[in-house]
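# Observations on the three-dimensional arrangement
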Amino acid sequence: MPSESKLAGLLADRIDRLRGALAALRRSVRDRVAEVVGAAVADAVRDTVRIAPDPPDSLAPSADTVPLARRGTYDPWGRARTRRLGRRGRPDR
């Protein structure tokens, strides 16, 4: 039977090999994760760039929007206002 010092040396060698294997596994996992995340980001950017030139129809101006120059009065909220007509067909003041 090996002595205690011999067993301690074998155990220390085994622990060193396991540490090396664990470090190699961590590097491998880190590299693989970086590769997968990089590919996912590249796909997302590619899809965004491909979709960006075609805005959805909901962003297009509607036909019933009144141009600012034709609005009756200034409205800070951007709603079109019309002047109310008085009894004789003239705008109220």
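Further up the page is the structure itself.
A brief look at the structure comes next. The numbers attached to residues start from 1 for each chain and follow its sequence in the written order. With pLDDT at 70 or above as the cut-off, local features in this predicted model cover only qualifying residues; side-chain atom pairs require 80 or more to be listed or tallied, and sums for whole chains, interfaces and linings still use all residues. Heavy atoms from the whole structure form the basis of all side-chain values; hydrogens and water molecules are not counted.

## So, the overall build of the protein
- Secondary structure elements are taken from DSSP: a helix is a run of H or I of four residues or more, a strand is a run of E of two residues or more, and numbering for both begins at the N terminus. The helix and strand inventory of the protein stands at 1 helix and 0 strands.
- The classification of residues rests on relative accessible area computed with a 1.4 Å probe and restricted to protein chains. Under 20% of the type maximum is buried, over 50% is exposed, and intermediate values are partly exposed. Residue burial in the protein is summarised as follows: out of 93 residues, 1% are buried.

## Quick word on a nonpolar patch on the surface
- Within the patch definition used here, like charges are joined within 9 Å and nonpolar side chains (Val, Leu, Ile, Met, Phe, Trp, Tyr) within 5 Å, considering only residues with over 30% relative accessible area and no salt bridge. Calculation of accessible area relied on Shrake-Rupley with a 1.4 Å probe; when residues are assessed, cover is drawn exclusively from the protein chains displayed. By salt bridge we mean one thing: a side-chain nitrogen of Lys or Arg within 4 Å of a carboxyl oxygen of Asp or Glu. Side chains of Leu-22, Leu-25, Val-29, Val-33, Val-37, Val-41, Val-45 and Val-49 sit close together on the surface and give an oily, nonpolar patch of about 690 Å² of accessible area.
- Within the secondary structure, Val-45 sits in helix 1 (residues 4–51).
- Residue Val-45 is classed as partly exposed on the basis of its relative accessible area of 47%.

## Concerning the pattern of salt bridges
- According to the stated counting rule, one finds 4 salt bridges in the structure shown.
- For Glu-35, the salt bridge goes to Arg-32, with nearest N and O atoms at 2.9 Å. In this pair, Glu-35 and Arg-32 both sit in helix 1, 3 residues apart, roughly one turn of the helix.
- Across the pair Asp-43 and Arg-46 runs a salt bridge whose closest N-O atoms are separated by 2.7 Å. With a gap of 3 residues between them, Asp-43 and Arg-46 both fall in helix 1, about one helical turn apart.

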